[in-house]
Amino acid sequence: MSFYFSKIVNYSFEETLFKVNAELMKEGFGVLSEIDVQATLKKKLNIDFRKYKILGACNPTFAFKALSTEDKVGVLLPCNVVVQEKSDNKIEIAIINPIEAMQVVNNNALDEIATEVTIKLQKVLENI
């Protein structure tokens, strides 16, 4: 299994961001943070980089369950979603695979939570 799920779409970058946010909301996730990698690299290093945003998505119910099960799991939260422009003018969406991410914690009690979150995030990707 891979540490992420991905999909290439033919929407514009902005339209893809809108669709990702809308589908995340449908599955109970909110975007807590948005990192504009392109703008940051330009500002800090004067490097021109492709459009690339990292969205920190969180479902409060699952976050609470995970944190109640393992108090240090917060280092792996939120669930990151990457939206990036590819060289062929296509847009790629990549979402963390929670099942794989939780393997590093080595706490079987997180397996059920990770599976539920994975199903929801896969649904987000499928619906875009």
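Residues numbered from 1 in each chain as written. Predicted model: local features only at pLDDT ≥ 70, side-chain atom pairs only at ≥ 80, totals over all residues. Heavy atoms only, no water.

> Go over helix α1 (residues 13–26) with me, naming the residues and quoting the values.
A rise of 1.5 Å per residue sets the reference length of α1, with its 14 residues, at 20 Å; its end C-alpha atoms lie 20 Å apart and thus fit the reference within 8%. What α1 keeps buried is the set Phe13, Thr16, Leu17, Val20, Glu23 and Leu24. Projected down its long axis, α1 shows its buried positions confined to an angular sector of 135°, all on one face. Set apart from the buried face of α1 by more than 90 degrees, the exposed residues are Phe18, Met25 and Lys26. Buried residues in α1 make contact with β1 (4–9), β2 (30–36), β3 (52–58), β4 (79–85), β5 (91–96) and α5 (111–126). (Helix = DSSP H or I, 4+ residues; strand = E, 2+ residues; numbered from the N terminus. Expected span 1.5 Å × (residues − 1). Buried < 20%, exposed > 50% of the residue type's maximum accessible area, 1.4 Å probe, protein only. Arc of directions from axis to C-beta. Contact = heavy atoms within 4.5 Å.)

> So what's going on with the layout of surface pockets? Residues and values would help.
Once rolled over the atoms, a probe with the size of a water molecule shows which space is left empty. The volume enclosed by the largest pocket comes to roughly 190 Å³. Every residue lining the largest pocket is listed: Phe3, Tyr4, Tyr52, Asn80, Val81, Val82, Gln84, Ala94, Ile95, Ile96, Asn97 and Ala101. Mapped by element, the contributors of at least two residues to the lining of the largest pocket are β4 and β5. Here the lining of the largest pocket gets four residues from one element, more than from any other, and that element is β4. Here the residues of the lining of the largest pocket sort into nine nonpolar, three polar and no charged. (1 Å grid on protein atoms, 1.4 Å probe; cavity = no way out; pocket = protein on both sides within 12 Å on 5 of 7 lines; lining within 4 Å. Points joined across faces, edges and corners; volume = space filled by probe spheres on them. Nonpolar A, V, L, I, M, F, W, Y, C, P; charged D, E, K, R; others polar.)

> Which residues make up the nonpolar core, and what values go with them?
Val20, Leu24, Val81, Ile93, Ile95, Val117 and Leu121 are the most contacted members of the largest nonpolar core, which totals 28 residues. Looking at this core, the elements with two or more residues in it are β1, α1, β3, α3 (60–69), β4, β5, α4 (98–102) and α5. Take this core: its biggest share by element is six residues, from α5. Contact partners of Ile93, with chain neighbours within four places excluded, come to Phe5, Ser6, Lys7, Val9, Thr16, Val20, Val81, Val82, Leu125 and Ile128. (Core = buried A, V, L, I, M, F, W, Y, C linked by side-chain atoms within 4.5 Å.)

> So what about the side chain of Glu27? Which residues, and what values?
Tracing the backbone shows Glu27 in the loop between α1 and β2. Engagement of the side chain of Glu27 in a polar contact is seen with the side chain of Lys120, the distance being 3.3 Å. Not counting the four nearest positions on each side in its chain, Glu27 is found in contact with Asn59, Lys120, Lys123 and Val124. (Polar contact = N/O pair within 3.5 Å; in protein donor to acceptor, adjacent residues only side chain to side chain.)

> Hey, could you go over the sheet that holds β5 for me, with residue numbers and the actual values?
Within the open sheet, the five strands sit side by side as β1-β5-β4-β3-β2. Their pairing is antiparallel. Unpaired on one side and paired on the other, β1 and β2 mark the two borders of the sheet. Neighbour-to-neighbour, the strand axes of the sheet open up by a mean angle of 20°, direction not taken into account. Two elements, β4 and β5, share five bridges in a ladder whose sense is antiparallel. Each bridged residue has a counterpart across the sheet, and for Val82 the counterpart in β5 is Ala94. On top of the sheet, helix α2 (residues 37–45) reaches β2 and β3; it is set at about 35° to β2, its chief contact. (Pairing = 2+ DSSP bridges. Axes fitted to C-alpha atoms, helices over the stretch in contact; angles between N-to-C directions.)

These results come straight from atomic positions and should not be treated as a statement about function.
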